[in-house]
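Observations on chain architecture
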Amino acid sequence: MSLLNKIKAKNILVIGDVMLDTYYTGEVKRISPEAPVPVFHKQEQRSVLGGAANVAANLVAAGQNVYMMAVVGKDETADRLKKSFKDKGIDTSLVMSLERNTTEKIRFLADNNQQVLRLDIEDTDVLSDANIRVLLDALKEQISSFDLIVLSDYMKGLLNFGFTQGVLQLARKHHVPAIIDVKDPKIEKYKGAFLLKPNKKELHELTAMPTSNDEEIINASEYLRKSCECEYILTTCGSRGMVLVGDGAPYFIECAKQEVYDVTGAGDTTIAYLAACIVNGFSLREAVDVSNCAAGIQVSKVGTSSVYWNEVREYLINQKQGIAHKLLSWDALDEFRAGNAGKKVVFTNGCFDILHIGHIRYLQEASKLGDTLVIGLNSDASVKRLKGSKRPVNSQSDRAEVLCALEFVDYVIVFDEDTPYELIKKIQPNVLVKGGDYKPGEVVGKDIVEKNGGELVLVPLVEGKSTTRIIEKMTK
């Protein structure tokens, strides 16, 4: 899609319920003697922007100028939120601080990122009329500087009827499109929006109409569109994809084909990329196509995280070429590292010519050492220099696609040098993995990783399994 190369930074205001998503990762190996409950042994902790704040983070990743209007408490969680906003360059001049708990969702993740418990800390009291007036007055002063407004309703007290309608009336008066990720079943609250994005359950609750098949979804969407006097309804239907109503004939799009690891934040990513595309002049159908790809990439990640334009571009390009979206280019590495900030990146490399059980077990063990596994793959020219003129047996594009097909592999990048030293410098992994046949002093890039506080891990190899032995057996 050539339009992706013409994306410009526009001014987008996000209004909604912000929160901090905190992840405790650890293990469960025993049951408490005090009660029949598992004992969670915490090993690591990380926090990322959640709720409407995640919409803002994804808009930053999509290259937009982002402004945040929200309410937070006067607590340590709010301080962490504001620091994250500042680090991402999100304007917080419209964020109001009140005496309340800032919403934090704490998720406990055990082996294989299995969520065993979620702890919510929040206040959902509706704002007072006085506070609503302060926010609307501030918005009135600045609204002409925004190109689009996104309202992200998580029902945590900010977007009540009066405030939501106040925002929408200002948006219409100043000809600023407003799109809403809805949650409230009160249909009149969203009257006057440019676009509403419910999921299938929310569409049913808003309209009291059945939504079990395509025809029912279309009928309910048309009813909602007319009732709210808006231009478009985009209904997300989980694994079935999305349905856009309001742009001629209903537009159906299947969900992007990805391994689903975690649906957390998929809706935030969808509306963020929808907004970025709309404000940059995409047609609604084009915007839906791109946001669908972005959502597909999101669910292939663990936890709340941002999706970057380079990932969308790579996905669309590789989709056409029949290669999985996991294939990285060198040009995308800076954005890759930014997109994985706060995550434990694991790196290993090799030729992976004829994939065998030794490779599979080695890569599985490597994937358990962090959040994101990146494989540096020797190019055909590099393999020939290392292994001889008769190698590789399989081309680099074939080897890359096979590796990308493994669910525990997050990214693959081809390098042409004899060693991955420059690649490791660029990626800056937290964990460097090599086979147990290496000695620590022989591992290329060990100095880079350890200098940055990372570690080298040597994974034992499966005895008797190698590409060379397979080739020898075939040629006997």
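Everything in this summary refers to the structure shown in the same document. This structure is a prediction, so every number in the text was calculated from the model and none was measured.

Quick word on the sheet that holds strand 18 (residues 431-435)
Taken together, six strands build an open sheet; the order of strands is 14-17-16-15-18-19 and the sheet is parallel. Each having just a single partner strand, strand 14 (327-328) and strand 19 (455-459) make up the two edges of the open sheet. Sheet topology note: the strand 15 (residues 345-350)/strand 16 (residues 372-378) ladder contains six bridges and is parallel. Its bridge partner lying in strand 16, Phe-347 is registered against Val-374. Strand contacts of helix 13 (residues 396-404): strand 14, strand 16 and strand 17 (411-415), with the helix running at about 165 degrees to strand 16, the strand carrying the most contacts.

Some remarks on the pattern of salt bridges
Inspection of the entire model under this criterion finds 23 salt bridges. The partner of Arg-118 in a salt bridge is Asp-120, and the shortest N-O contact between them spans 2.7 Å. With a relative accessible area of 38%, Arg-118 lands in the partly exposed category. Within the structure, one salt-bridge network assembled from shared partners comprises Glu-76, Arg-80 and Glu-104.

Some points on the sheet that holds strand 6 (residues 104-109)
In a beta sheet, neighbouring strands pair by backbone hydrogen bonds and run either parallel or antiparallel. Read from one edge to the other, the open sheet built from four strands follows the order 3-2-6-7, with strand pairing classed as mixed. Each end of this open sheet is capped by a strand with a single partner; those strands are strand 3 (38-51) and strand 7 (115-121). Here the average twist between neighbouring strands, direction ignored, is 20 degrees. As judged from the six bridges shared by strand 2 (residues 18-31) and strand 6, these two strands associate in the parallel manner. Bridge pairing in strand 6 links Tyr-24 to Phe-108. Lying on the sheet, helix 1 (residues 52-61) is in contact with strand 2 and strand 3; it crosses strand 3 at an angle near 65 degrees.

Considering the pairing of strand 18
Among the five residues in strand 18, five count as buried, and that is most of the element. Relative to strand 18, strand 15 runs parallel, the two sharing two bridges. Bridge pairing in strand 18 places Phe-347 opposite Leu-432. Sheet analysis places strand 18 next to strand 19, joined by five bridges and oriented parallel. Of the residues in strand 19, the one forming a bridge with Val-433 is Val-457.

A closer look at helix 3 (residues 129-142)
If you check helix 3, its first and last C-alpha atoms are 20 Å apart, about what 14 residues at 1.5 Å a residue would give, namely 20 Å. All of the buried residues in helix 3 are Ile-132, Leu-135, Leu-136 and Leu-139. Along the long axis of helix 3, the arc covered by the buried residues comes to 95 degrees, so they all point the same way. Every exposed residue of helix 3 that faces more than 90 degrees away from the buried side is listed here: Ala-130 and Glu-141. Where helix 3 is buried, its residues contact strand 1 (11-16), strand 4 (65-72), strand 5 (91-97) and helix 4 (161-173).

Cut-offs used in this document
Sequence order sets the numbering: in each chain, residues are counted from 1 along the sequence as written. Restriction of local features to residues with pLDDT of at least 70 applies here, the model being predicted, together with a cutoff of 80 or more for giving and counting side-chain atom pairs; totals for whole chains, interfaces and linings are based on all residues. Side-chain calculation: all heavy atoms of the structure are included, whereas hydrogens and water are not. Pairing between two strands is assigned when DSSP locates at least 2 bridges connecting them. Per the convention used, a helix needs a DSSP run of H or I reaching at least four residues, while a strand needs a run of E reaching at least two, with both numbered from the N terminus. We call two residues in contact when some of their heavy atoms are within 4.5 Å. Simply put, an axis is a line fit to the C-alpha atoms, just over the touching stretch for a helix, and the angle between two N-to-C directions goes from 0 to 180 degrees. The rule for a salt bridge is simple: a side-chain nitrogen of Lys or Arg has to be within 4 Å of a carboxyl oxygen of Asp or Glu. Here's how the labels work: a residue is buried when its accessible area is under 20% of the maximum for its type, exposed when over 50%, partly exposed in between, all with a 1.4 Å probe on protein chains only. Residue count minus one, scaled by 1.5 Å, sets the expected span of a helix. Directions pointing from the helix axis toward each C-beta atom define the arc.

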